[in-house]
Amino acid sequence: MEKLRTFILNLYPTTKFFITLFLMITPLLLPGYLYSYLVPVLCLFIAMIAGKTKLFVDIVFKGLLSIVIMIFLLQAFFYPGDTILWTWKIFSIKQEGIDFSVQLTSKILAVGSAIVLFFQITKINDLARSLEILGVSPKATYVLSSALNIIPEMRMHLLRIMDAQKTRGVETEGNLRIRLKAFFPALTPLILSSFSSTDEKAITLESRAFTARTKKTSLHQLEKTKSDSVVRVLLLILFVFILIWRFFL
Amino acid sequence: MSGIEIRNLSYQYPTGSEKVLHNINLNIESGKFYAFVGVNGGGKTTLCNVIRGFIPHFFKGDISGEVLIDGKDVRDWDTSDLAQKMGFVFQNPFTQISGVKETVFDEIAFGLENLGVEVSVIKQKVQEIISLLGIGYIQDKNPNELSGGQKQRVALASIIVMEPDILIFDEPTSQLDPQGTEEIFKAIDIMKKKGKTIILVEHKIELIAEYADYVIVLQDGQIMRQGRTEDVLSHEDTQDYGIGLTQYTLLDLQMRKHNMITERIPITESDSIKVMKEWMSLQGVKA
Ligand SMILES: Nc1ncnc2c1ncn2[C@@H]1O[C@H](COP(=O)(O)OP(=O)(O)OP(=O)(O)O)[C@@H](O)[C@H]1O
Ligand SMILES: [Mg+2]
């Protein structure tokens, strides 16, 4: 298990990306929805091996699932069709709507969970470095990695602000409405403070010669290993196999 | 012509309503240690920004007069050459983090990576700075999760590791305890011994007396007094600009009021002991 874990986590970022791509594209190629619904399960399995179960489940359930359910209901009610299954006042659920919803949400869930998986098993800095090696400009990768790196920091900051408001008597716990009411006022100082520090951030970068025109070096060593080749070849074979099976047989 | 020359410099921030620097004239000699002192809002940070070229390269506003770095106007310098020539550790330690590095070690290495220094050399230099500043115990920590004092040390390390000729430190010890402050001063002193030019904004007068070669007193955007540390800090009326003198100087000044005249006015502890001993032996007191 431990070996499998390091095997997955140590894959080169682009290899991980190919896995993700594979998990995203194959549901779109294959008919039906069974396979598509299998993809999130597969992702969960990989996340489990990688030791990221909790984070993965958290994001997929809290974020993705609510969106999926919303889309499902909307489509079930409003997709045009004649086979009415159930009616309430002017609203009715149609068989065509259900069919379409199942198809659509299966794909969204598959693509969504593949993306979530990618960011769970790939370190941001590894990703940024591999992009740099591919020739993406360091400025672009800086924006990417600072944006992604700042999310946990912003979260902490937001919690601190909300904490401060709590001590001033603002209710922050309870039902959704109370939470939202507490959330939005906290956003203002968060956004303002992040604006005021962009200036100094720019000077910081300038002080560290970020804009120097010399070719940068990096302590961050990324290496492709045999595992990467194995995984890539396997993915390619599987993919070709699926293509042939889907379009030529 | 090495060093910095400032001629008739005046400056007003784009958002400000009046000038914050008035007709500044200053020569900064290579390899010497200059301390900028003065009350809050006196213009110390602004002057540092001008010298480093952030004004007018980065902050606009109305600037007149000239600032010459090694004989060349700071406005004609290429910004990336300036970054290598002058290091600037600024006042707020909390924003001086690249935001893209996961460990303190990598954070300190960031500047050298940008300069394209070879990886093995980077590792060695970073290691040297880490042991110089005694921050080995945090080298694997996330830079975002440090205390204010630790961030301040990392900010300092990140700049001096790049080995610029001129080092500007804007209150680099504001978050540090007395021991931490002392350590930073020792590190700065080592930089000076390596031949670097040091510009330091600092309120801790005892340490300035100990380490600085020259003191520049700023108030309301003007240079009120400048000269050798032992001259500026031994003048009673330096206090008029909100600068506290060291206790050794104050003692001597008090003695003078009572007609106990020593040979010179000391500003440091060691000099004070020497001066007092001499004075006592002159008075016939056995030490
Ligand atoms: N970005 C800015 N825009 C407009 N005015 C500014 C700006 N920064 C500083 N000032 C003004 O310039 C004057 C000098 O400020 P400066 O920060 O240089 O003082 P300082 O000597 O560094 O003070 P401190 O000891 O508090 O750090 C102050 O009156 C201040 O209000
Ligand atoms: Mg200041």
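It should be emphasised that the depicted structure is a prediction, and the values quoted were computed from it without experimental measurement.

### Quick notes on a negative patch on the surface
Residues Glu182(B), Glu206(B), Glu210(B) and Glu269(B) make up a contiguous surface patch of negative charge. Tracing the backbone through its elements, the reader meets Glu182(B) in helix H7 (residues 178-193).

### Considerations on the site of ligand 1
Residue and element names in this part refer to chain B. In the vicinity of ligand 1, 14 residues are found, and the nearest of them are Gly41, Lys44, Thr45, Thr46 and Gln91. Measuring from an oxygen atom of ligand 1, one finds a side-chain N or O atom of threonine 45 at 2.6 Å. Here an oxygen atom of ligand 1 and a side-chain polar atom of threonine 46 are 2.5 Å apart. For ligand 1, the accessible surface in isolation is 630 Å², of which the surrounding protein chains cover 65%. In the shell around ligand 1, the residues fall into three nonpolar, nine polar and two charged.

### Some details on the domain arrangement of chain A
Residues and elements named next belong to chain A. Segmentation of chain A into domains returns domain 1 (2-122 + 223-247) and domain 2 (129-207). Look at where the C-alpha atoms of domain 1 and domain 2 centre, and you get two points 29 Å apart. Listed by partner, the interface residues are four residues for domain 1 and four residues for domain 2. For the pair domain 1 and domain 2, the two sides together bury roughly 250 Å², of which 75% comes from carbon and sulfur. Summed over the shared surface of domain 1 and domain 2, the result is zero salt bridges. Applying the counting rule to domain 1 against domain 2 returns zero residue pairs in polar contact (both at pLDDT 80 or more). Looking at the side of domain 1 that touches domain 2 residue by residue, the classes come out as three nonpolar, one polar and no charged.

### What to know about the domain arrangement of chain B
Residue and element names in this part refer to chain B. By the assigned domains, chain B splits into domain 1 (4-245) and domain 2 (246-287). Computed from C-alpha coordinates alone, the two centres of domain 1 and domain 2 are separated by 34 Å. On the side of domain 2, 10 residues touch domain 1, which itself brings 12 residues to the contact. Together domain 1 and domain 2 conceal approximately 890 Å² of surface at their shared face, both sides included; 64% is due to carbon and sulfur atoms. Our count for the contact surface shared by domain 1 and domain 2 stands at one salt bridge. Between glutamate 236 and lysine 257 there is a salt bridge whose closest N-O contact spans 3.0 Å. At the boundary of domain 1 and domain 2, one finds two residue pairs in polar contact (both at pLDDT 80 or more). Listing elements by their share of the side of domain 1 that touches domain 2, those giving two or more residues are helix H8 (205-211) and helix H9 (229-232). Each residue belonging to the side of domain 1 that touches domain 2 can be placed in one class, and the counts come to four nonpolar, four polar and four charged.

### Some remarks on the coordination of the magnesium ion (ligand 2)
Residue and element names in this part refer to chain B. Those protein atoms acting as donors to the magnesium ion (ligand 2) are Thr45 (OG1) and Gln91 (OE1), and they sit at 1.8 to 2.4 Å. With threonine 45 in helix H1 (residues 44-52) and glutamine 91 in the loop between strand E6 (86-89) and helix H4 (104-114), the pair connects residues that are 46 residues apart, well separated along the chain. You can call glutamine 91 partly exposed: its relative accessible area is 33%.

### Structural notes on the interface of chain B and chain A
Chain B puts 38 residues into the contact, and the matching count from chain A is 31 residues. Counting each side, the surface lost to burial between chain B and chain A is near 2900 Å², with a carbon and sulfur contribution of 55%. Summed over the shared surface of chain B and chain A, the number is two salt bridges. Salt-bridge contacts for Asp78(B) lead to Arg213(A); the nearest nitrogen and oxygen are separated by 3.2 Å. Between the two partners, chain B and chain A, sit 14 residue pairs in polar contact (both at pLDDT 80 or more). Among the secondary structure elements, those contributing two or more residues to the side of chain B that touches chain A are helix H3 (79-85), H4, helix H5 (119-133) and helix H6 (148-160) of chain B. For the side of chain B that touches chain A, the class distribution of residues is 18 nonpolar, 12 polar and eight charged.

### Examining the pattern of salt bridges
Summed over all chains, the structure comprises 22 salt bridges over all chains. Here Arg208(A) makes a salt bridge to Glu107(B), at a shortest N to O gap of 2.7 Å. Residue Arg208(A) is located in the loop between helix H8 (176-207) and helix H9 (226-247), and its partner Glu107(B) is located in helix H4; the two belong to separate chains. Exposure class is identical for Arg208(A) and Glu107(B). Each is buried. As a salt-bridge pair, Lys101(B) and Glu113(B) come within 2.9 Å of each other at their nearest N and O atoms. Here Lys101(B) is found in the loop between E6 and H4, whereas its partner Glu113(B) is found in helix H4, with 12 residues between them in sequence.

### Some remarks on the sheet that holds strand E8 (residues 197-201) of chain B
All names here are of chain B. Taken together, the six strands give an open sheet; going across it, the order is E6-E7-E8-E3-E9-E10, and neighbouring strands pair in mixed fashion. For this open sheet the edge positions go to E6 and strand E10 (222-228), each flanked by a neighbour on one side alone. The mean inter-strand angle of the sheet, taken between neighbouring strand axes irrespective of direction, is 15°. Taken together, the six bridges between strand E9 (residues 214-219) and E10 define a ladder with antiparallel strand orientation. In the sheet register, isoleucine 216 faces E10, and the bridge partner there is glutamine 226. In the packing of H7 onto the sheet, the strands contacted are strand E3 (33-37), strand E7 (166-170) and E8, and the crossing angle to E8 comes to about 155°.

Conventions used here
Residues numbered from 1 in each chain as written. Chains lettered and ligands numbered in written order. Predicted model: local features only at pLDDT ≥ 70, side-chain atom pairs only at ≥ 80, totals over all residues. Heavy atoms only, no water. Patch = residues over 30% accessible without salt bridge, like charges linked within 9 Å, V, L, I, M, F, W, Y side chains within 5 Å. Areas by Shrake-Rupley, 256 points an atom, 1.4 Å probe, with all protein chains shown as cover. Salt bridge = Lys/Arg side-chain N within 4 Å of Asp/Glu carboxyl O. Lys, Arg positive; Asp, Glu negative; His and termini not counted. Charge placed at Lys NZ, Arg CZ, Asp CG, Glu CD. Helix = DSSP H or I, 4+ residues; strand = E, 2+ residues; numbered from the N terminus. Near = heavy atom within 4 Å. Polar contact = N/O pair within 3.5 Å; in protein donor to acceptor, adjacent residues only side chain to side chain. Nonpolar A, V, L, I, M, F, W, Y, C, P; charged D, E, K, R; others polar. Domains from an automatic or database assignment. Contact = heavy atoms within 4.5 Å. Buried area = accessible area lost by both parts, 1.4 Å probe. Donors = N, O, S within 2.8 Å, 3.2 Å for Na, K, Ca; no water. Buried < 20%, exposed > 50% of the residue type's maximum accessible area, 1.4 Å probe, protein only. Pairing = 2+ DSSP bridges. Axes fitted to C-alpha atoms, helices over the stretch in contact; angles between N-to-C directions.

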